[in-house]
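Fold and geometry: a report
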Amino acid sequence: MNGVHGDYIVTRCGEVMLTQAYGPWNGECVEGFVLDYRSKSMVMHGGVWSDIVLVEGESLLIPDAEIKLQERISAVRHLGLRHSALVIGASTVKSTSRMQLDSIFSKTGLEYGIFEEYDQAKAWIASAGYLLDEDAALTHFNNVKAYA
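What this report covers is the structure whose coordinates are included nearby. (Residues numbered from 1 in each chain as written. Predicted model: local features only at pLDDT ≥ 70, side-chain atom pairs only at ≥ 80, totals over all residues. Heavy atoms only, no water.)

So, about the overall build of the protein chain. Each helix and strand in the protein chain was counted, giving five helices and five strands. Taken from N to C terminus, the helices and strands of the protein chain fall in the order β-β-α-β-α-β-α-β-α-α. Compactness check: the protein chain gives a C-alpha radius of gyration of 14 Å against a globular reference of 15 Å for 148 residues, within 12% of the reference. Counting only C-alpha atoms and orienting by the principal axes, one finds that the protein chain spans roughly 35 × 30 × 25 Å. By the burial criterion, 45% of the 148 residues in the protein chain qualify as buried. Taking contacts inside the protein chain between residues at least 6 apart in sequence as the whole, the part at least 24 apart equals 76%. Total accessible area computed for the protein chain in this model is approximately 7,400 Å², and 55% of it derives from carbon and sulfur atoms. (Helix = DSSP H or I, 4+ residues; strand = E, 2+ residues; numbered from the N terminus. Rg over C-alpha atoms; globule rule 2.2 N^0.38 Å. Buried < 20%, exposed > 50% of the residue type's maximum accessible area, 1.4 Å probe, protein only. Contact = heavy atoms within 4.5 Å. Areas by Shrake-Rupley, 256 points an atom, 1.4 Å probe, with all protein chains shown as cover.)

The subject of this paragraph is unusual backbone geometry. Apart from glycine, the bulk of residues carry a negative phi angle, and the bulk of peptide bonds sit in the trans form. Cis geometry marks the peptide bond from Gly23 to Pro24, where omega comes out at 5°. Of note, Pro24 is situated in strand 2 (residues 16-25).

This part is about the pairing of strand 2. When you tally the buried positions in strand 2, you get eight out of 10 residues, the bulk of the element. For strand 1 (residues 7-13) and strand 2, the ladder comprises seven bridges, and the chain directions are antiparallel. Note on strand 2: the bridge partner recorded for Asp7 is Tyr22. Between strand 1 and strand 2, which pair antiparallel in sequence order, lie two residues; one of them, Gly14, sits at a positive phi of approximately 75°. With nine bridges joining them, strand 2 and strand 3 (residues 49-61) adopt parallel strand pairing. Bridge assignment links Gln20 to a residue of strand 3, and that residue is Leu54. Read from strand 2 through helix 1 (residues 27-41) to strand 3, the crossover connection turns out right-handed. (Pairing = 2+ DSSP bridges. Right-handed = clockwise from strand over helix to strand, strands pointing away.)

A separate point is the side chain of Thr108. Residue placement: Thr108 occurs in the loop between helix 3 (94-105) and strand 5 (111-115). Given the relative accessible area of 5%, Thr108 is considered buried. A distance of 3.2 Å separates a polar side-chain atom of Thr108 from the backbone nitrogen of Leu110. Once residues lying within four places of it in the same chain are set aside, the contact partners of Thr108 are Gln70, Ile73, Ser74 and Arg77. (Polar contact = N/O pair within 3.5 Å; in protein donor to acceptor, adjacent residues only side chain to side chain.)

It is worth spelling out the packing of aromatic side chains at this point. Scanning the entire structure with this criterion turns up eight aromatic pairs. Consider the rings of Tyr8 and Phe33, whose centres lie 5.3 Å apart with planes at 80°: the pair is edge-to-face. With Tyr8 in strand 1 and Phe33 in helix 1, this pair connects stretches of sequence that are 25 residues apart. Grouping residues by exposure puts Tyr8 and Phe33 together as buried. Note on Trp25 and Phe33: the rings are 5.3 Å apart at their centroids and 55° apart in plane angle, and the pair reads as tilted. (Phe/Tyr/Trp six-rings, centres within 6.5 Å; stacked < 30°, edge-to-face > 60°.)

Here's what the structure looks like:
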């Protein structure tokens, strides 16, 4: 078994799952993320919610991770995930990340947008009607700062 490559911090913030993703990711990282995401989003299953995902670093997925992530996103859509906002402003491989994420998300059935700034993603999610818990988001970003 390979070691985990990539990392993440995921937090439920009201009707929004907020993820800070550090890449590149392999399949083992995707599997760990899926378990963590599921445990934190479970209270929303059967309702509707959204994602904001901020990618940082060499934010790419190796081929098996790309396939696994697309399959898992498609599956969670049936539990209530409807919109995903992807922020690739801090990525060192921006154009490649954008193409890869566009390829993945275009196959999921979700409405999604790709942004360069968190505030743009947050505004898009709000315009779709989702409530972001600002206190939980502040805690999330404090955890991101502590990680760095």
